[in-house]
Every structure is written in structure tokens, then in C-alpha cells.
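Here are the chains, one letter per residue:
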Amino acid sequence: MTGTREKLQELRDVLEIAAEPAGESGVDKRKKKGIPSARERVRTLLDPGTFVEMGALVRRPATSDAMYGDGVVTGRGLIDGRPVVVIAHDQTVFGGSVGEMFGRKVAHALRFAFEKACPVVSINDSGGARIQDAVTSMAWFGHMSRNQERLSGFVPQVSIMLGKCAAGSVYGPVNTDVLVATETSYMFVTGPEVIKAVTGEEVSMEELGGAYSQAANGTIHHVTVTEREAFDWARRYLSFLPSSCREHPPIVNPGLEPELTASDLELNSIIPDSDRAGYDMHDILLRIFDDGDFLEIRAATAPNLITGFTRVDGHPVGVVANQPLVLGGAVDARCSDKATHFIRLCNAFGLPLVFVVDTPGVLPGVEEERNGVIVRGGRVFRAIIEATVPIVNLVVRKSYGGAYGFMACKQLGADISLAWPTARIAVIGAESAVDIVGRRQLQQVPAEQRNAMREYMIDQYNTTVATPWIAAERGYVDAVIEPARTRLEIRHALRLLREKEATVPPNPRKHSLYPM
């Protein structure tokens with residue numbers, strides 16, 4: 001008969017094996033790759049000493065080569081003192097591939113996150129479907145996807161890519177809120193070898209699915225050099241969000257700088273006198289929000305539009321801003337996708353949106369039309385209209401044409417719309433307007449005087465048509481403000497809107513249809 005002492009020793013032996021299921025060969029494999037274990041990664045991500053593993057002893061039944069964990073580590077812990085669920089692939093066990101018990105563990109962890117209403121962080125380093133498990137593996141991808149979908153918009157979900165993920169293992173990460181990867185990571189549906197065999201096309205691993213390539217594509221939201229930087233970025237991202245859509249996000253240092261500062265006063269001279277001159281929009285963003293704290297999302301794709309998180313009076317907000325240094329701040333098909341995702345992300349978790357506007361309009365061109373700029377831009381309009389969070393719109397310089405709506409004008413959804421005296425709000429810019437409307441008039445002017453007359457007409461247009469005063473007189477903007485007061489005005493506006501409630505009128509439809 002086995003006594004308690006023997007049973008305790010058996011437990012210790014089993015837990016020791018479960019902690020390193022692949023044994024020495026697994027340790028050697030990691031050493032060759034220069035990577036930590038899945039559990040070490042989890043502990044690096046979480047607050048020290050808070051990780052509690054779930055399902056460490058799970059393995060395939062009635063299988064001679066079954067290993068504990070089945071290729072994935074799941075559990076719970078704390079990030080900045082708040083509970084999270086963590087999922088981490090274990091490359092040393094079946095290559096981190098997805099089998100039945102792997103799927104069961106992940107599905108259970110996701111259900112736990114749903115029931116407890118806490119964020120999920122997934123650390124990805126997987127070979128994809130486990131070929132030996134045939135349809136069972138694919139079936140569990142389906143189960144995991146259904147559980148993941150229930151969490152979308154309910155709790156924050158972050159994916160961290162630390163290795164090579166292929167096939168089914170890429171669809172989970174792209175269906176989370178954000179995806180951060182190290183520069184040595186790869187993700188693709190099919191690898192270079194398969195592509196060459198099927199299509200004859202030769203492509204390098206880096207070009208096909210390297211982290212920087214996928215970030216340029218918009219698939220990856222941020223790329224870091226080290227794993228530690230990826231974990232820190234994920235933690236910082238979560239610091240701006242509530243634990244679930246039922247809660248409010250953390251408030252950090254409210255009430256700072258209640259009066260005008262020297263930094264505020266610099267805004268009075270930040271816009272160049274020439275409409276054709278560029279400047280870095282980040283220089284404005286750093287001055288109109290708390291502490292210059294800004295976490296940019298998807299900086300590597302569509303840099304003509306800036307999206308990211310910051311704080312106003314200690315409260316997290318989302319920012320959408322044009323970048324005049326890239327394409328003059330024009331909006332295009334790619335930045336449309338970026339804006340739609342970000343607006344819906346902020347709306348899902350109750351973060352107010354601040355739009356900072358300086359755009360000459362929608363980027364013209366045959367290639368843009370082929371890229372679906374109409375359809376993709378249309379989704380931005382819908383996202384703004386459907387948003388129920390407070391929205392503040394600030395026009396600092398140009399706001400022309402369709403981009404007027406793209407950047408959340410008052411008529412489309414802004415609760416409060418502000419403009420600087422440098423704002424130019426019109427259907428099109430002065431140069432284009434003169435070339436179209438004033439063509440006949442210019443043709444009647446002697447050739448040697450034509451350029452001077454055109455410049456005069458442009459000045460007249462800017463003085464009498466493309467001004468903030470016309471918009472203010474008709475109530476299309478709520479106020480024209482001194483640039484130096486912007487930080488305080490945004491603070492006042494969001495305080496006023498803090499208790500804004502979603503008012504959705506009854507509608508018999510199941511859901512609206514987005515342009516696709």
C-alpha cells in the first residue's frame with residue numbers, strides 16, 4: 001500500500017517532468033536557438049511571482065510518446081496588479097503544434113477569461129497544425145476560434161509573436177486586438193517551400209513573412225528587437241485599456257498642469273506660414289496630451305495617418321491624426337483600414353477619440369482606385385457613425401473634401417469640433433479650386449500676367465473661402481481656439497463628455513452591412 005510520503009514524492013516527480021516535458025533534449029533545443037522556455041517567457045511578461053499555471057499535467061491519453069502540457073502552457077497572473085490569462089506555445093513539445101489536448105487547454109483558458117472578464121495575452125511560437133492528429137487538429141482550431149471570437153471587444157486580447165507561425169496558427173493572432181512581434185519572427189499561411197512547389201515562385205522567408213514585412217503590410221502592429229521589449233510593449237498597451245468593456249481603464253496622474261505652460265505656448269507658432277510646408281504632427285501631439293505620453297499603433301504601415309493611445313487629464317484616449325510629412329497627410333486605402341480598426345478598438349473598450357486634422361483630402365490616382373479606396377474609406381465613415389464614445393475633432397490646418405468626414409467632422413459624429421485660426425476647411429484646396437473654377441478667367445488674362453493672377457486668386461480663396469470662420473458662423477465647428485489653449489480645451493471637452501451614454505435607437509435589423 002502506497003503511503004502519503006510516497007504519493008507526495010510521486011507528485012514532485014511528475015511536476016518535475018511536467019516542468020520540462022521534453023527533458024534534456026528540449027533544453028538543448030532551446031539553447032541552440034537561444035530562446036527561453038515557455039514558462040520563463042510567461043514569468044517575464046507577468047508581475048513577479050504571480051503566475052499560476054493551469055493544465056500542467058494535461059497530455060494525450062493512451063499514447064506512448066505523450067508529453068505533459070501537449071505543447072502549450074496556460075495559466076493566469078497579474079500585469080500591473082490586474083488579472084490576465086496567459087497562453088504560451090512550447091516549441092520543445094511537438095514543435096508547439098496544435099493537437100487535441102493543446103486545443104482543449106487553450107479553449108478552457110479562453111472560457112476562463114470570458115467568465116472572469118480578464119484580458120488574454122498569447123505568446124506565439126508554433127508549427128501550426130499537428131499533422132499526426134489529422135482532422136482533430138483542424139477541429140480544435142475551430143473550437144479555439146469560436147472561444148476567441150466571444151472575447152473580441154469584451155476583453156483586451158494581445159498576441160506576441162516570438163518565433164515562426166504558419167498555417168492555422170496565424171489566424172488566431174490576427175483576430176486579437178493587436179499583434180506585437182520580435183524582429184526575428186515570421187508568420188505566413190504557407191512557407192516558401194510550399195509556394196515554390198505549387199506556383200514555382202521563389203521568395204525568401206524574410207520577404208514572405210518577416211516581422212518588418214508583415215508590419216509594413218499592416219498585419220503586425222509593432223516590431224521590437226528583443227522579447228523583453230515585446231513583453232513591455234504588451235504591458236504598456238494593456239495599461240491604456242480596461243480589463244473588460246464593463247470597466248473603466250486605469251487613471252494615471254490626473255490634474256497635472258491645470259494652466260498654460262511654455263510647451264502650450266509653442267503651439268501658437270508650430271504651423272508653418274506656407275500651406276505647402278510640412279511639419280511633424282508628433283510635435284503637436286506631444287504638446288496637447290498628458291506628459292507627452294503616446295503609444296503609437298501600426299506606425300510601420302500607412303504612416304500618413306497616426307493612430308495611438310495617450311491620456312487626457314489622466315484618462316486614456318485614442319488619437320487619430322494626419323501626418324503632413326507623408327503624402328502631405330492625404331488619406332488613402334491603406335490608412336483607411338488602419339483607421340477603421342483603431343476606431344472600433346477604442347469604441348469597443350470605451351476610450352474617447354480625438355481626431356487631429358491636417359489633410360489635403362483623399363489621395364488621387366489610378367492605383368488608389370484599384371486598391372479600393374472608395375470601399376475601404378467608406379468603412380471609416382461607418383466606424384465613426386457607429387461609435388458611441390466621446391469624440392473630439394480638432395482642425396489645425398487643412399480639412400478638404402472627403403477627408404473632412406474621414407476625420408470625424410461634427411456632422412458625422414464629433415461631439416465637439418474645434419479649429420485653430422490656421423484651419424482651412426473647404427471642398428478642395430485653393431490651387432485646385434482656382435485651376436477648376438477660375439480656368440476661364442485665367443485664360444482671359446495675358447500670358448505674362450497669368451501666374452501672378454493665379455497666385456492672387458489662390459490668396460483670395462484662402463482668405464475668403466477656406467477659413468475656419470465660415471464653418472464657425474454656420475455652426476459646423478463649435479469654436480475657433482488659440483492653439484496654446486488646445487490641451488486645456490480638450491481636457492474641458494472630455495470632462496463634459498465623460499458621462500456620455502450610448503443611445504442607439506431601436507432598429508429591427510440584425511446588423512448593418514459594411515462596404516467590402
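Everything that follows concerns the structure shown earlier in this document.
Residues numbered from 1 in each chain as written. Predicted model: local features only at pLDDT ≥ 70, side-chain atom pairs only at ≥ 80, totals over all residues. Heavy atoms only, no water.

What to know about empty space enclosed by the protein
Inspection of every chain in the model, using the stated rule, returns four cavities of 30 Å³ or more. The space that makes up the largest cavity amounts to roughly 40 Å³. V357, N393, V395, S399, Y404, M407, C409, K410, S417, I425 and V477 together form the lining of the largest cavity. Looking at the lining of the largest cavity, the element that brings in the most residues is strand β14 (residues 391-400), giving three residues. A per-class count over the lining of the largest cavity returns seven nonpolar, three polar and one charged. (1 Å grid on protein atoms, 1.4 Å probe; cavity = no way out; pocket = protein on both sides within 12 Å on 5 of 7 lines; lining within 4 Å. Points joined across faces, edges and corners; volume = space filled by probe spheres on them. Helix = DSSP H or I, 4+ residues; strand = E, 2+ residues; numbered from the N terminus. Nonpolar A, V, L, I, M, F, W, Y, C, P; charged D, E, K, R; others polar.)

Topic: the sheet that holds strand β9 (residues 222-224)
If you trace the seven strands from one edge of the open sheet to the other, you get β1-β2-β3-β4-β5-β7-β9, paired in mixed fashion. Strands at the two margins of the open sheet, each flanked by one partner only, are β1 (52-54) and β9. Each adjacent strand pair in this sheet contributes to an overall mean axis angle of 25 degrees, direction not counted. Pairing analysis gives four bridges linking strand β3 (residues 82-89) to strand β4 (residues 120-124), with the strands arranged parallel. Note on β4: the bridge partner recorded for A88 is I123. (Pairing = 2+ DSSP bridges. Axes fitted to C-alpha atoms, helices over the stretch in contact; angles between N-to-C directions.)

Here's the deal with the pairing of strand β13 (residues 353-359)
The buried count for β13 comes to seven of seven residues, which makes it a mostly enclosed element. Both faces of β13 are covered, namely the face carrying L353, F355, V357 and T359 and the face carrying V354, V356 and D358. Where strand β12 (residues 315-322) meets β13, four bridges bridge the pair, whose relative direction is parallel. When the sheet's bridge partners are listed, G318 is paired in β13 with L353. (Buried < 20%, exposed > 50% of the residue type's maximum accessible area, 1.4 Å probe, protein only.)

Examining the side chain of S244
The topology assignment puts S244 in the loop between α10 (227-239) and α11 (262-265). Sequence-distant contacts of S244, defined by excluding residues within four places in its chain, comprise A117, F154, V155, P156 and F349. (Contact = heavy atoms within 4.5 Å.)

Some remarks on the pattern of salt bridges
Going through the model one piece at a time under the given rule, you end up with 26 salt bridges. D264 serves as the salt-bridge partner of R487, at 2.8 Å between the closest nitrogen and oxygen. Separated by 223 residues along the polypeptide, R487 in helix α21 (residues 486-496) and D264 in helix α11 bring together distant segments of the chain. For the pair shown, R487 and D264 are each scored as buried. The salt bridge partner of D478 is K410, with a shortest N-O separation of 3.0 Å. Placement of the pair is D478 in the loop between α20 (468-473) and β17 (479-480) and K410 in the loop between α16 (403-406) and β15 (416-419), with a sequence separation of 68 residues. (Salt bridge = Lys/Arg side-chain N within 4 Å of Asp/Glu carboxyl O.)

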